Amino acid sequence: MDKKIIYFDHAATTYVKPEVFDAMKPWFTELYGNPSSIYSLGRESKKAIEEARAQIAWCLNAHPTEVYFTGSGTEADNWSIKGVAFANRKKGKHLITSVIEHHAVLEAFVYLRKEGFEVTYLPVDENGLINPEELEKAIRPDTTLVSIMFANNEIGTVQPIQKLAAIAHEKGAIFHTDAVQAMGNIAVNVKDLGVDLLSMSAHKFYGPKGVGALYVKKGVKLDNFMHGGAQERNKRAGTENVPGVIGLATALKLATDNLEAYNKHLQTLSNRLVDKVMERIPYVRLNGDRKQRLPGNVNLSFRFIEGESLLLMLDMKGIQASSGSACTSGSLDPSHVLLAIGLPHEIAHGSLRITFGEKNTEEEVDFLVDNLEEIVGKLRKMSPLYEDFVKQDRK
């Protein structure tokens, strides 16, 4: 009999919902025309893309002409950051981001530094929050772009984006937010937030992999990132991924329509996990702000254990989880996010990220806690540091 798999890594990716797959399917096999073609099959594809664009714009409270399709959230981040930097370099070459961004953002800024730009990295507090006053101090007359993620992919902390964007605008800078983790998990209204650019990726909210979108506020100056044909109003070359675009729009509409109930479900599971772990397992830390965070994200650090060993032993029980970003899962270095919030290397190495989805249940949470208690106990028995610490702690 096959072992049952319990999936707790929805921040890494989600499955494609049946409704999303059904909406995409005809565009693979029947309505396969190239949207740039002028005959009827091509026109059908073009019409479908524009309907998907309008649907996404509605979910964001944006205008359809402000929505551009990309191949991923990473591409949307890179296009935003490099596009704004190069389009506005005559005004200035100073850029601002934070120390806890996703690598799609951090590596884009590394590239720009090599191209002669100057980058300021804002620190965060012990919960992963940026102090708006730090941004105000960092902005200079030659600052052209501020890029701060909406919600952190590792510890779930949600930033005060509205306040940060307002500060950037007061100083004449453009504001981009990487909303890859926020979309489909919390409400996102670009007008209320006041952002100029916003990135998303379909596979984080039960859509397909390989398709993302970028919101670009009307009037924002942005260099092209992809060059070739005239697709996406001459801004992003390449034949459009019609099934992917339809899947993204369908998934986002479903997420938007069911957001309140979904959030309540995720929050119930998260609270249950945190409360039970804290009650049953000693020397555990919850990383990130308890309240100002994504409802389905729980990041825990267990002292005196290695996170990799914990993950492997959980996997043997059929439990799928992670120690941080899926994009850096092959790295042996501790999470840059956990180090940024002040954790020492040895504690950061013992981290576990649990991210819930719509099919997870309270029974699965209880099964996870039972196994965590057993596995953490076993791993700590093998640690001489733990034995010495407990003796000292009891004195």
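Overview of the structure. Quick caveat: nothing in here was measured; it's all calculated off a predicted structure. (Residues numbered from 1 in each chain as written. Predicted model: local features only at pLDDT ≥ 70, side-chain atom pairs only at ≥ 80, totals over all residues. Heavy atoms only, no water.)

What about the sheet that holds strand S6 (residues 174-178)?
Spatial strand order, S2-S8-S7-S6-S5-S3-S4: seven strands in an open sheet with mixed pairing. Sheet topology places strand S2 (67-70) and strand S4 (118-122) at the edges, where each strand pairs with a single neighbour. When the angles between neighbouring strand axes are averaged without regard to direction, this sheet yields 20°. Pairing geometry for strand S5 (residues 143-147) and S6, over three bridges, is parallel. Following the sheet pairing, Ser147 is matched in S6 by His176. Sitting on the sheet, helix H3 (residues 40-60) is in contact with S2, strand S7 (197-201) and strand S8 (212-216), with an inclination near 115° to S2. Running at roughly 155° to S6, helix H7 (residues 161-170) makes contact with S5 and S6 of the sheet. (Pairing = 2+ DSSP bridges. Helix = DSSP H or I, 4+ residues; strand = E, 2+ residues; numbered from the N terminus. Axes fitted to C-alpha atoms, helices over the stretch in contact; angles between N-to-C directions. Contact = heavy atoms within 4.5 Å.)

With respect to the packing of aromatic side chains
Tallying each qualifying case throughout the model produces five aromatic pairs. Between the aromatic rings of Phe86 and Phe117, the centroid separation amounts to 5.5 Å while the plane-to-plane angle is 85°, which identifies the pairing as edge-to-face. Here Phe86, found in helix H4 (residues 73-87), pairs with Phe117, found in the loop between helix H5 (103-114) and S4; they are 31 residues apart in sequence, far enough to count as distant. In this structure, Phe86 and Phe117 share a single accessibility class: buried. On the numbers, 6.1 Å between centres and 75° between planes, the contact of Tyr206 with Tyr262 is edge-to-face. Placement of Tyr206 in the loop between S7 and S8 and of Tyr262 in helix H11 (residues 259-280) is noted, with a sequence separation of 56 residues between them. Take Tyr262: its relative accessible area is 14%, and that puts it in the buried class. What links up through ring pairs into an aromatic cluster is the set Tyr15, Tyr206 and Tyr262. Against the face of Tyr206 rests Lys17, its NZ or CZ located 5.0 Å from the ring centre. (Phe/Tyr/Trp six-rings, centres within 6.5 Å; stacked < 30°, edge-to-face > 60°. Buried < 20%, exposed > 50% of the residue type's maximum accessible area, 1.4 Å probe, protein only. Lys NZ or Arg CZ within 6 Å of the ring centre and 35° of its normal.)

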